[in-house]
Amino acid sequence: MGGSEYNKENGTLIIEEQRERMSLDHKTGYAALIGRPNAGKSTLLNTILQTKLVAVTPRPQTTRNRIFGIYDRDDAQIVFQDTPGLLEPKDSMHQFMMREAERALEDADVAVWLIDAIKGVTDREKIISQKVLASFSMPLIIAFNKVDKVPLSERAALQNSLAGFTFPESHRFEYISALYGDGVPQLVETLLDYMPLGPKLFPPDQLSDRTTRFFVEEIIREKAFLQLKEELPYSLAVRIETMQEGPNLTKIQATLHVERDSQKGIILGKSGSMIRSIGTEARLALEELLGTKVFLELWVKVSKGWRKKEGHLRDFGYQE
């Protein structure tokens, strides 16, 4: 091994000593991003990581799974958990989304509660405070988002509107614009105040714990979300059937599942125009993600009432 200190007798001990030395000046921990649908959690995570990791659309409930995003620098590593928007469960899909958010809070060293500063504090925030945060005691950062649209003179009123709400005793306030990055570096530094000392949990170049297939499905679903109207996107699931990766070309076959025959016609569009448009937008984004040319074939299938069926939820990755 040349000049290496490792040998069969003491190699393990040396590795442990190195980890112990690192833990003395390195912070590592978990941060959960929570809030009502469309508060900007996914946008914030993408801004912190400086990459397009999570699907973002103007429509609420874009995020369905708990997604890990890993922020890394020499002296720290924060494992972010972007959670589905907190809402009253109406079906098995919504129940799964609520459990994902609650599990994130159980694992977190600190939570970031994003509140849309434009909409202000509403009854939805009161429900989150009473039914979700009251059950946990981890440190909490209350981050008012989209403050680029709110005058400075109104910030104090936002904070005062939370008077009487229930949340952990250890809490702080931040004002940010997740879209433009204002206040985001300060938010990261505040998060690090709550992180325990310890070595890295993931390799420095790893951005997420999710597979490439997961993000391929997310990109296709995002492009469909952006082009479809009304309530149809919430009845849509995407599943990769085959994915063959090569050095210059990736071949992907995916199925878009909907709940009713009428929805299938909407996705296909007149003479197949809508499904072609979704495919074109998705292919361009996938080529950027994968670094290869992409051949993308999309199908549409009716899976009646899939959001209420445990088997379908499990097949589509929305069930334990």
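Just above sits the structure.
Asks: Is there a simple way to explain the overall build of the chain in this structure?
Replies: Each helix and strand in the chain was counted, giving 10 helices and 9 strands. When the 320 residues of the chain are sorted by exposure, 51% land in the buried category. The contacts of the chain with a sequence gap of at least 6 include a subset with a gap of at least 24, amounting to 71%. Accessible area for the chain stands at about 15,800 Å²; split by element, carbon and sulfur atoms hold 49% of it.

Asks: Help me understand the packing of aromatic side chains in this model?
Replies: In total, this model carries 3 aromatic pairs according to the counting rule given. Arranged with centres 5.5 Å apart and planes meeting at 15 degrees, the rings of phenylalanine 144 and tyrosine 175 form a pair that is stacked. A residue pair is termed long-range when its members are at least 10 positions apart, and phenylalanine 144 in strand S5 (residues 140–145) and tyrosine 175 in strand S6 (residues 171–175) qualify at 31 residues. When its relative accessible area of 0% is taken as the criterion, phenylalanine 144 is described as buried. An angle of 85 degrees between the planes, with centres 5.2 Å apart, marks the rings of phenylalanine 214 and phenylalanine 215 as edge-to-face. Exposure remark for phenylalanine 215: the relative accessible area of 10% places this residue in the buried category.

Asks: What is the right way to look at the sheet that holds strand S9 (residues 293–302) in this model?
Replies: Strand order across the open sheet formed by 3 strands is S7-S8-S9, with mixed pairing between neighbours. Pairing within the sheet leaves two strands with one partner each, and these edge strands are strand S7 (237–245) and S9. Between one strand and the next, the sheet's axes are offset by a mean angle of 15 degrees, whatever the strand orientation. Sheet topology places strand S8 (residues 249–258) next to S9; 10 bridges connect them, and they run parallel. Across the sheet, valine 258 pairs through a bridge with valine 302, a residue of S9. Strand contacts of helix H7 (residues 212–227): S7, S8 and S9, with the helix running at about 130 degrees to S7, the strand carrying the most contacts. With respect to the sheet, helix H8 (residues 261–268) is in contact with S8 and S9, its orientation differing from that of S9 by roughly 155 degrees.

Asks: Could you clarify how one ought to interpret the pattern of salt bridges in this entry?
Replies: It is possible for side chains bearing opposite charge to pair when their charged atoms get close. Under the criterion given, the structure shown has 10 salt bridges. Measuring nitrogen to oxygen at the nearest pair gives 3.1 Å for the salt bridge that ties arginine 172 to aspartate 193. Here arginine 172, found in strand S6, pairs with aspartate 193, found in helix H6 (residues 184–193); they are 21 residues apart in sequence, far enough to count as distant. Residue classification places arginine 172 among the partly exposed residues on the basis of a relative accessible area of 32%. Sharing partners across several salt bridges, the network here consists of Arg73, Asp75 and Glu189.

Asks: I'm lost on the pairing of S7 in this one. Help?
Replies: Each regular strand shows side chains that alternate between the opposite faces of the sheet. The sheet contact formed by S7 and S8 spans 8 bridges and is antiparallel. Note that in S8 the partner of arginine 239 across the bridge is threonine 255. Hairpin geometry of S7 and S8 is characterised by an intervening segment of 3 residues between the two adjacent antiparallel strands.

Asks: What should I look at first to understand the packing of H8 against helix H9 (residues 273–290) in this one?
Replies: Packed helices, taken two at a time, are described by the angle their axes make and the gap between the axes. At a closest axis distance of 4 Å, the pairing of H8 and H9 adopts a crossing angle of 60 degrees. For the element pair H8 / H9, the angle class is oblique. Taken together, the residues of H9 that come into contact with H8 (itself represented by Ile266, Ile267 and Leu268) are Ser273, Met274 and Ile275. Broken down by class, the residue content of the contact of H8 with H9 amounts to 5 nonpolar, 1 polar and no charged.

Thresholds applied
- Residues numbered from 1 in each chain as written.
- Predicted model: local features only at pLDDT ≥ 70, side-chain atom pairs only at ≥ 80, totals over all residues.
- Heavy atoms only, no water.
- Helix = DSSP H or I, 4+ residues; strand = E, 2+ residues; numbered from the N terminus.
- Buried < 20%, exposed > 50% of the residue type's maximum accessible area, 1.4 Å probe, protein only.
- Contact = heavy atoms within 4.5 Å.
- Areas by Shrake-Rupley, 256 points an atom, 1.4 Å probe, with all protein chains shown as cover.
- Phe/Tyr/Trp six-rings, centres within 6.5 Å; stacked < 30°, edge-to-face > 60°.
- Pairing = 2+ DSSP bridges.
- Axes fitted to C-alpha atoms, helices over the stretch in contact; angles between N-to-C directions.
- Salt bridge = Lys/Arg side-chain N within 4 Å of Asp/Glu carboxyl O.
- Parallel < 35°, antiparallel > 145°, perpendicular 65-115°, else oblique.
- Nonpolar A, V, L, I, M, F, W, Y, C, P; charged D, E, K, R; others polar.

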